[in-house]
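Architecture and fold: a report
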Amino acid sequence: MHVVYPAVISALLFSVGVYGVLARRNAILVLMSVELMLNAVNLNLVAFDVWLRDQLHGGQVLTLFVIVIAAAEVGLGLAIVLAVFRTRRTVDVDRLRDLAEPDFPQPSPNGQAKVRESS
Amino acid sequence: MITIAALIVLLPFLGAAGGLLLSRVGGGPISARAGVPTRAIWFAILPTAGSALLTVWLAVQAAKGDGTGAFWDSWFPAEASGQLTVVDTGAVPISVGLAVTGLSVLVGILVVVVALGVQVYSVGYLHGDSRYPSYSAFISLFTSAMLLVVYSGDLLVLYVGWEVMGLCSYLLIGHWWEEKANSRSAVKAFLVTRLGDVGFLFGIFTLGMAAKSFRISDILAAQLPTATVVTATLLLLAGVAGKSAQVPLHTWLPDAMAGPTPISALIHAATMVAAGIFIVARLYPLFLAAQPTRDVLAVSAALGMLGAALAALAQDDLKRVLAYSTISQLAYMAAALAAGSDEAAIFHLTTHGAFKALLFLCAGAVIHHVGSNLMSRMGGLRAAMPLTFVTMTIGFAALMGLPPASGFFSKDAVIAAVEHARLTDAAQLLLYASALVTVGVTGAYATRAWLRTFFGPTQVEALPEPEPGTAHVFDGREAPPSMLWPIGILAIPALALGWTSVVELDLGSAAIDLVIALLGAGVVYAFWRSAPTRDPARLLGPFYGPCARAFYLDTVYAMVFVRPVLWLAQGVVHTDATLVDGAVRGSGRATLGLSRFVRLAQNGNAQLYVTGLLAGVLLIAVGAVVLG
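Residues numbered from 1 in each chain as written. Chains lettered and ligands numbered in written order. Predicted model: local features only at pLDDT ≥ 70, side-chain atom pairs only at ≥ 80, totals over all residues. Heavy atoms only, no water.

1. Here we look at the overall build of chain A
Note the threshold: Secondary structure elements follow DSSP: runs of H or I no shorter than four residues count as helices, runs of E no shorter than two count as strands, and numbering proceeds from the N terminus. Any residue under 20% of the maximum accessible area for its type is buried, any over 50% is exposed, and the rest in between are partly exposed; the area is computed with a 1.4 Å probe on protein chains only. Whether two residues touch is decided by their heavy atoms; if any such pair falls within 4.5 Å, the residues are in contact. Note on areas: Shrake-Rupley with a 1.4 Å probe; residue coverage comes only from the protein chains shown.
Secondary structure summary: chain A contains three helices and two strands in total. Each of the 119 residues in chain A was classed as buried or not, and the buried ones make up 24%. Partitioning the contacts of chain A with sequence separation of at least 6, the portion at a separation of at least 24 is 47%. A total of about 8,600 Å² of accessible surface is found on chain A, and carbon and sulfur atoms cover 67% of it.

Right, here's the structure in full:
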């Protein structure tokens, strides 16, 4: 089998993953998209391992590592999503904006900046 | 001899340092009778007494030999000078040194005698005052500074003492600074004298640059061009007018009476205000060579003596009467200097120092006794305070120029000098007329103060509460002995100093003065006799108001100088707040405003960040492919 088939499939898979990460609102779906991207990479690793006839099979070994790490990452990610859902009652990433800077600090006449609390 | 002079100057200084630093260290006993720390009393009196003893010794040393010239030169002919070091400034060197001359010995005696009297008197007057240690230390510092002025051999060293005196005057006027008016008076005295001191300093520079030396003996020996001498003496005159409270810089002196009465006696009657007269006499050859300066001095003195005497006639506050009287008497000295007789001026300075200090100390005893400065609250005190009555009578007699008190002789010397003055005709005429009229007015205001204080029905009321600044409630007793002793001792020179007959008595002019003075006194007596409870100053009629307000000079100064300066200051504050601060705040605001656009990207949406990341990676990848 020519290497271009798995490469194209993996590129498509990766693109779907990128689209999911960038565009999906549900945090779980974002996590799943990350998994898609990881698996696209795994596919690449395995395909090129075979294509290059690697004696040590470094690609396949690395794939095993990635799978393990992905499992751990999903466990952690789902725990975070669960925690967010418990506190916010939502997992919509568009509405999770606590990383934004607080409101504009206004200089007061005596020179000290007053920071308004963000809601 | 010069070592003795240095010790005389240094002792009070060490006393001041000790009094300030050590009076309260480790507690120490509180004097049961005076209610102040005992150690502070020792620090106050011992150095001044030591200085006084050394001064006597110096006078004995200086009296050896023969001398001619002014009376102080024949009394104390021996002169000495010495210098500690020469400060090489690069231009004109400053020689840190002292010089003992007949004049310095004479004025030095006056200073230490009055200072010692005031230190003793203050122990009684400031009974239980919590700030007595610093107060007495400032008096010691002042004494030291005045003695430095007197014994200095170099104009810049003299200027150091001159400025320290001004500082002590400020500190002591504001002794009761809790009351706003007192601290304002202190600031006013400081600023007004400082205004004159600027001229004084530049006068010193002019003389020093022209003579290539700041040493007084060198300056007096140098042949200076007339224009330089006139400029320098006019500049010096500004400082003299400030320190000696001459027109137009005299307005601080009546307000300076806000200080404790011993301070009024020491600084604002006997010594500091005499410093200006002393300087002119010390540099007298220069002033003799500068006719225009003496004309200016004559006009200022003529205005000052009469104006201040009229103002004194309309005051109700006993101390303000004495303050205006001081301005008037200092103007007499200035008149003698302008007329070309430094002997008459210094003679009057000495007698005035004695009798005015006496008058102030008596006034202090009266105020201490009554609990009020106002003469309308006094009256009939001669039975309750017999000693004060007798001594104050001597003082007033000397002030009026009645024989046999000292003022009679010295004032006659001044007026005789003015009569034969070597001035331009107009200035001479003005000065002579003013001096004669002032003799009458002096008689009037002295009689008025004497009658209002000691005669007539008593107006004394017991104050319900002792106010800060006015000693205590009326208790119907004489002052404590620590106050009476200096009064009694000062009465002797006030009475007898005239008999030293240093200046020949001009009998004709003396008779005229006496008649005029008695005339003034008689008019006041007649007015007082008709209604003893009413103020005899009503004889001024419609002029009473202007006289009581000292011819509205303070108001005019407030309008012409004070208010524009205040406006200017407010303008500066406003400019600072809006323009300077505005620029600073504006730049901060502008930066924040601009940063708003950059911050638009940071909206908290993680997906947006990732998009940016991806776009960046793509850009780098494309760039690497295309360019690589």
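2. So, the overall build of chain B
What counts is decided by this rule: Charge assignment: positive for Lys and Arg, negative for Asp and Glu; neither His nor the chain ends contribute. By convention, the point assigned to a charge is CZ for Arg, NZ for Lys, CD for Glu and CG for Asp.
Secondary structure assignment for chain B yields 24 helices and two strands. Structurally, chain B occupies a C-alpha span of about 125 × 65 × 55 Å along its principal axes. The buried share of chain B, taken over its 628 residues, is 54%. Contacts in chain B between residues at least 24 apart in sequence constitute 78% of all its contacts with a sequence separation of at least 6. Working note: accessible area of chain B is about 25,400 Å², and carbon and sulfur atoms make up 71% of it. Averaging the positions of the 33 positive and the 32 negative side-chain charges in chain B gives two centres separated by 10 Å.

3. With respect to the pairing of strand 2 (residues 94–100) of chain B
Residues and elements named next belong to chain B. To be explicit about the condition: DSSP-based pairing: two strands are paired if at least 2 bridges between them are found.
Among the seven residues of strand 2, six are classified as buried, and the element is accordingly described as predominantly covered. With seven bridges connecting them, strand 1 (residues 80–87) and strand 2 associate as antiparallel partners. Looking at the pairing, threonine 85 lines up with valine 96 of strand 2. Two successive antiparallel strands, strand 1 and strand 2, enclose a turn made up of six residues, where glycine 90 displays a positive phi of approximately 100°.

4. A look at a nonpolar patch on the surface
Keep this limit in mind: A residue counts toward a patch only above 30% relative accessible area and without a salt bridge, and it is joined to like-charged neighbours within 9 Å or, for Val, Leu, Ile, Met, Phe, Trp and Tyr, to nonpolar neighbours within 5 Å. The salt bridge definition used is simple: a Lys or Arg side-chain nitrogen within 4 Å of an Asp or Glu carboxyl oxygen.
Residues B:Tyr552, B:Val556, B:Met559, B:Val560, B:Phe561, B:Val562 and B:Leu566 make up a contiguous nonpolar surface patch of roughly 640 Å² in combined accessible area. Take B:Val556: it is sitting in helix 23 (residues 553–599).

5. A word on the interface of chain B and chain A
Inclusion rule: For any pair of parts, buried area is found by adding up, for both, the accessible area (1.4 Å probe) each one loses once the two are put together. Any N or O atom pair separated by 3.5 Å or less is treated as a polar contact, with the protein-specific requirement of one donor-capable and one acceptor-capable atom, and with residues adjacent in sequence counted only for side-chain atom pairs. Residues are grouped as follows: nonpolar covers Ala, Val, Leu, Ile, Met, Phe, Trp, Tyr, Cys and Pro; charged covers Asp, Glu, Lys and Arg; every other residue, Gly included, is treated as polar.
Contacts between chain B and chain A engage 16 residues on the former and 21 residues on the latter. Interface area, chain B with chain A, both sides summed: about 1,500 Å², of which 52% is carbon and sulfur. The largest per-residue losses of area from chain B upon contact with chain A belong to B:Leu592, B:Arg599 and B:Gln607, which jointly make up 36% of the total buried on that side. Counting across the chain B and chain A interface gives zero salt bridges. Counting across the interface, chain B meets chain A through four residue pairs in polar contact (both at pLDDT 80 or more). When residues of the side of chain B that touches chain A are assigned to their parent elements, the largest contribution, seven residues, is made by helix 23 of chain B. Per-class residue counts for the side of chain B that touches chain A are four nonpolar, eight polar and four charged.

6. With respect to the packing of helix 4 (residues 102–125) of chain B against helix 20 (residues 481–496) of chain B
What describes two packed helices is the angle between their axes and the distance between those same axes. All names here are of chain B. Rules: The angle between two axes is taken between their N-to-C directions and runs from 0 to 180 degrees, where each axis is a line fitted to C-alpha atoms and a helix contributes only its stretch in contact. With respect to orientation, any angle under 35 degrees is reported as roughly parallel, any angle over 145 as roughly antiparallel, any angle of 65 to 115 as roughly perpendicular, and every other angle as oblique. We call a crossing left-handed when the near helix sits turned anticlockwise from the far one by less than a right angle, and right-handed when that turn is clockwise.
Between helix 4 and helix 20, the least distance of the axes is 7 Å, while the angle of their chain directions is 155°. One way to sum up the angle between helix 4 and helix 20 is to call them roughly antiparallel. At the point where helix 4 passes helix 20, the crossing takes the left-handed sense. Contacts between helix 4 and helix 20 pair Gly117, Val120, Tyr121, Val123, Gly124 and Tyr125 from the former with Ser482, Met483, Pro486 and Ile487 from the latter. Counted by class, the contact of helix 4 with helix 20 contains seven nonpolar, three polar and no charged residues.

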